[in-house]
Amino acid sequence: MILHSSFFILHFQEMRQLIDFLVRKRHWLLFFLLEVVAFLLIYQNSTYQRTILISSANVVTGHIASLAGSVTSYFSLGEVNRELTMRNGELEMEVIALRDEIEALQAKERPFMGFLPESIEHFPYSFVAAKVVNNSVTHLSNYITINRGRKAGIEPDMGVVSDQGVVGIVTKVSDYFAVVMPMLNPKFGLSCKLAGNNYFGTLNWNGRDPRLVQLNELPRHVEFEKGDTVVTSSYSGIFPPGIIVGTVVDARRQHDDNFHALDIAPSTDFQSLTNVRVLINPMQAEQRRLESEIKER
């Protein structure tokens, strides 16, 4: 009974405070009430004023809808970027496949020891899109971690590319993550060539400047200029031929005068790397197994 009385007294005090507030602000309440009545009279009795009010309301509604659309678009950017990455990867694979078919067709027109290929081999590569979740560019042995792993079909020794070009090679895999050895790692090695000819060398990083990697063992008689494009060669089951690696910045002679060593500016910006694609070649395991059998003899 005492509790009920206390509740009643508290409720009465709150109501009293509300009434006191309304009494104190009665002139403002009366003002707003009269304003609403005035707007209603103007709206009902004046066609011109009604048109102005409707137009103003439409403008305000349009701005609100535009703002809401902008907010929605901002939060959907992640999905849009993911779709663009997938589409770019598909288009890149199609371009590389078409390039292979063109080269095979050109080879058909040129007799080679009396042999002509009977058909064009189906382009074997597919890819898995992934995001970079950890990255380093300032260490001697740099590594990149991506958010796709064995559950997505990724295995060690698969190539990794970005929209800009070659990134690196998968070295270690868990169920949901993979570690990638990028070009900016002295242990990285890749067969590359200058675009436009078939002379190839080995791409490595000397561990000094993260803005430059080195293409070694390029024959001395090969002609090149600064700014020439370097691409992957066909001597790898990891990357298809023709993937951009970088551009020639400078050149020097190696200890053996028969070869050039070129400084290459990587096409991939490793410091801003966010989206990558892991290349899957189902024929890679067979090629490696056959080559290892030959080496064991």
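Residues numbered from 1 in each chain as written. Predicted model: local features only at pLDDT ≥ 70, side-chain atom pairs only at ≥ 80, totals over all residues. Heavy atoms only, no water.

### Section: unusual backbone geometry
Moving on, step 1. The phi torsion at Asp-157 lies on the positive side, around 70°, for a residue other than glycine.
Moving on, step 2. Turning to its location among the elements, Asp-157 is positioned in the loop between β2 (144-146) and β3 (159-161).
Moving on, step 3. If you check the backbone angles, Glu-217 has positive phi at about 65° while not being a glycine.
Moving on, step 4. Inspection of the secondary structure puts Glu-217 in strand β8 (residues 213-219).
Moving on, step 5. With a relative accessible area of 46%, Glu-217 lands in the partly exposed category. (Helix = DSSP H or I, 4+ residues; strand = E, 2+ residues; numbered from the N terminus. Buried < 20%, exposed > 50% of the residue type's maximum accessible area, 1.4 Å probe, protein only.)

### Concerning the confidence of the model for the protein
Moving on, step 1. Mean pLDDT over the protein: 77, with 66% of residues reaching 70 or higher.
Moving on, step 2. The least confident element of the protein is helix α3 (residues 47-75), whose mean pLDDT is 60; the most confident is strand β5 (residues 178-182), at 96.
Moving on, step 3. Note that residues 106-121 has pLDDT below 50 and, in this model, ten contacts with residues that lie over four places away or in other chains. (pLDDT = per-residue confidence, 0-100. Contact = heavy atoms within 4.5 Å.)

### With respect to the sheet that holds strand β12 (residues 275-280)
Moving on, step 1. The strand order around the closed barrel built from six strands is β1-β2-β5-β4-β3-β12, with neighbouring strands paired in antiparallel fashion. Mean inter-strand twist for the sheet, computed between neighbouring axes without regard to direction, equals 40°.
Moving on, step 2. Of the pairings in the sheet, the one linking β3 to strand β4 (residues 166-173) comprises three bridges and is antiparallel in character. Across the sheet, residue Val-161 finds its bridge partner in β4, namely Val-166. (Pairing = 2+ DSSP bridges. Axes fitted to C-alpha atoms, helices over the stretch in contact; angles between N-to-C directions.)

### Notes on the side chain of Arg-277
Moving on, step 1. Within the secondary structure, Arg-277 is located in strand β12.
Moving on, step 2. A residue is classified by how much of its surface remains accessible, and Arg-277, at 2% relative accessible area, is buried.
Moving on, step 3. Looking at Arg-277, its side chain comes within polar contact range of the side chain of Asp-163, at 2.6 Å. (Polar contact = N/O pair within 3.5 Å; in protein donor to acceptor, adjacent residues only side chain to side chain.)

### Concerning the pairing of β12
Moving on, step 1. By the criterion of burial, β12 is predominantly enclosed, with five of the six residues buried.
Moving on, step 2. In the sheet, strand β1 (residues 126-135) pairs with β12 via six bridges, with the strands oriented antiparallel. Following the sheet pairing, Ala-130 is matched in β12 by Val-276.
Moving on, step 3. Here β3 runs beside β12; their pairing, made up of two bridges, is antiparallel. Residue pairing across strands places Val-161 opposite Arg-277, the latter belonging to β12.

### Notes on the nonpolar core
In globular proteins that are soluble, nonpolar side chains generally tend to be buried together.
Moving on, step 1. Residues Ile-146, Ile-154, Val-170 and Leu-203 are the most contacted members of the largest nonpolar core, which totals 46 residues.
Moving on, step 2. Top contributing element to this core by residue count: β4, with five residues.
Moving on, step 3. Dropping the residues within four chain positions of it, Ile-146 is found in contact with Ala-130, Lys-131, Val-132, Val-133, Ile-154, Tyr-176, Phe-177, Ala-178, Val-180, Val-276 and Val-278. (Core = buried A, V, L, I, M, F, W, Y, C linked by side-chain atoms within 4.5 Å.)

### With respect to the pattern of salt bridges
Moving on, step 1. According to the stated counting rule, one finds three salt bridges in the structure shown.
Moving on, step 2. Linking Asp-163 and Arg-277 is a salt bridge whose minimum nitrogen-to-oxygen distance equals 2.6 Å. Of this pair, Asp-163 sits in the loop between β3 and β4 while Arg-277 sits in strand β12, placing them 114 residues apart in sequence. (Salt bridge = Lys/Arg side-chain N within 4 Å of Asp/Glu carboxyl O.)

### Examining the environment of Ser-174
Moving on, step 1. Counting through the fold element by element, Ser-174 comes out in the loop between β4 and β5.
Moving on, step 2. As for Ser-174 and Arg-148, which are separated by 26 residues in sequence, their C-alpha atoms are 8.6 Å apart.

### Some points on the environment of Leu-140
Moving on, step 1. Along the chain, the position of Leu-140 falls in the loop between β1 and β2.
Moving on, step 2. Between the C-alpha atom of Leu-140 and that of Pro-186, which follows or precedes it by 46 residues, the distance is 7.4 Å.
Moving on, step 3. Setting aside its immediate chain neighbours within four residues, Leu-140 contacts Leu-184, Asn-185, Pro-186, Trp-205 and Gly-207.

### With respect to a nonpolar patch on the surface
Moving on, step 1. Together, Met-15, Leu-18, Phe-21, Leu-22 and Leu-29 make up a nonpolar patch on the protein surface, roughly 440 Å² of accessible area in all.
Moving on, step 2. Ranked by residue count, the leading element in the nonpolar patch is helix α1 (residues 2-24), at four residues.
Moving on, step 3. As for its placement among the helices and strands, Leu-18 is situated in helix α1.
Moving on, step 4. Under the relative-accessibility criterion, Leu-18 is labelled partly exposed at 44%. (Patch = residues over 30% accessible without salt bridge, like charges linked within 9 Å, V, L, I, M, F, W, Y side chains within 5 Å. Areas by Shrake-Rupley, 256 points an atom, 1.4 Å probe, with all protein chains shown as cover.)

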